[in-house]
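Structural overview for review
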Amino acid sequence: MLQQCIARHYWHWALCEGQPTFGVGIAVEADTSVTGNVVEDARVIGINLGWGPYMRNLIAAQNNVRSAPVGIAVSFAAEGQIALISQNIIADCAVNIAGFKWDEQVSGDLAVSTEDLPHSIRVTDNLVSAV
């Protein structure tokens, strides 16, 4: 379990326009609960849940994410794998919660509408504020 971390400008590899870059606050892939963290000013993504097919049994709950282009990203390439995104506060992010296949965003903002949501991923009870 990852809990009560404060990540400011935490450097972790991510892909941006197909090129490696830095800027993910917290990134996890399997059997992890990310709870009670503050992530602020991440360059690319505040919390990244999974990468491609590598996403299994993840929880992101009761975190505070501020000032990132994407607040929380979840892998849509990991078909049938489970993730729960609940009770987070996301502020000043251009996209609050989104589904990705590797570095490509493939959903709308899941904090606003869960139409694009796979049945194995649940997004519920998050509070968001506009940029």
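Now for a look at the structure at hand.

Scoring rules and cut-offs
- Residues numbered from 1 in each chain as written.
- Predicted model: local features only at pLDDT ≥ 70, side-chain atom pairs only at ≥ 80, totals over all residues.
- Heavy atoms only, no water.
- Helix = DSSP H or I, 4+ residues; strand = E, 2+ residues; numbered from the N terminus.
- Buried < 20%, exposed > 50% of the residue type's maximum accessible area, 1.4 Å probe, protein only.
- Contact = heavy atoms within 4.5 Å.
- Areas by Shrake-Rupley, 256 points an atom, 1.4 Å probe, with all protein chains shown as cover.
- Salt bridge = Lys/Arg side-chain N within 4 Å of Asp/Glu carboxyl O.
- Core = buried A, V, L, I, M, F, W, Y, C linked by side-chain atoms within 4.5 Å.
- Pairing = 2+ DSSP bridges.
- Polar contact = N/O pair within 3.5 Å; in protein donor to acceptor, adjacent residues only side chain to side chain.

This part is about the overall build of the chain. A tally of helices and strands in the chain yields zero helices and 17 strands. When burial is assessed residue by residue, the chain has 47% of its 131 residues classed as buried. For the chain, long-range pairs separated by at least 24 residues make up 66% of all intrachain contacts whose partners lie at least 6 apart in sequence. Carbon and sulfur atoms make up 51% of the accessible area of the chain, which amounts to about 6,900 Å² in all.

Moving on: the pattern of salt bridges. Counted under the stated rule, the structure contains two salt bridges. As a salt-bridge pair, R56 and D31 come within 2.4 Å of each other at their nearest N and O atoms. With R56 in strand β9 (residues 56-61) and D31 in strand β6 (residues 30-35), this residue pair connects regions lying 25 residues apart in the sequence. Given the relative accessible area of 39%, R56 is considered partly exposed. Linking R66 and E40 is a salt bridge whose minimum nitrogen-to-oxygen distance equals 3.2 Å. Linking R66 in strand β10 (residues 64-66) with E40 in strand β7 (residues 38-40), this pair joins segments that are 26 residues apart in sequence. Here R66 falls in the partly exposed class, since its relative accessible area comes to 26%.

This paragraph deals with the nonpolar core. Of all hydrophobic cores here, the largest spans 25 residues; its most connected members are I47, L49, I72, V74 and I121. For this core, the secondary-structure elements that each account for two or more residues are β5 (24-28), β8 (45-49), β9, β11 (70-75), β12 (83-86) and β16 (121-124). When near neighbours in sequence (up to four residues on either side) are disregarded, I121 contacts M55, V74, S75, F76, Q81 and A83.

Further remarks concern the sheet that holds β8. The strands that make up a sheet are held in pairs by hydrogen bonds between backbone atoms, and each pair lies either parallel or antiparallel. The five strands lie next to each other as β5-β8-β11-β14-β15, forming an open sheet whose pairing is mixed. The two strands at the open ends of the sheet, each matched to only one other strand, are β5 and β15 (104-105). Across four bridges, the pairing between β8 and β11 is parallel. If you follow I47 over to β11, its bridge partner there is I72.

Right, let's talk about the side chain of T32 for a bit. For T32, the position within the fold is in strand β6. A polar atom in the side chain of T32 sits 2.7 Å from the backbone oxygen of A30. In this structure T32 touches N57, L58 and I59, once residues within four positions along its chain are discounted.

Time to look at the side chain of E40. On the basis of relative accessibility, which here comes to 14%, the residue E40 falls in the buried class. Only 3.2 Å separates the side chain of E40 from the side chain of R66, close enough to count as a polar contact.

Once that is clear, we can look at the environment of L58. By the secondary structure assignment, L58 is in strand β9. According to the relative accessible area criterion, L58 is buried, its value standing at 1%. Along the primary structure L58 and Q81 are separated by 23 residues, whereas in three dimensions their C-alpha atoms are 8.9 Å apart. Non-local contacts of L58, meaning those with residues more than four positions away in its chain, are made with V28, E29, A30, D31, T32, L49, G50, I82, A83 and L84.

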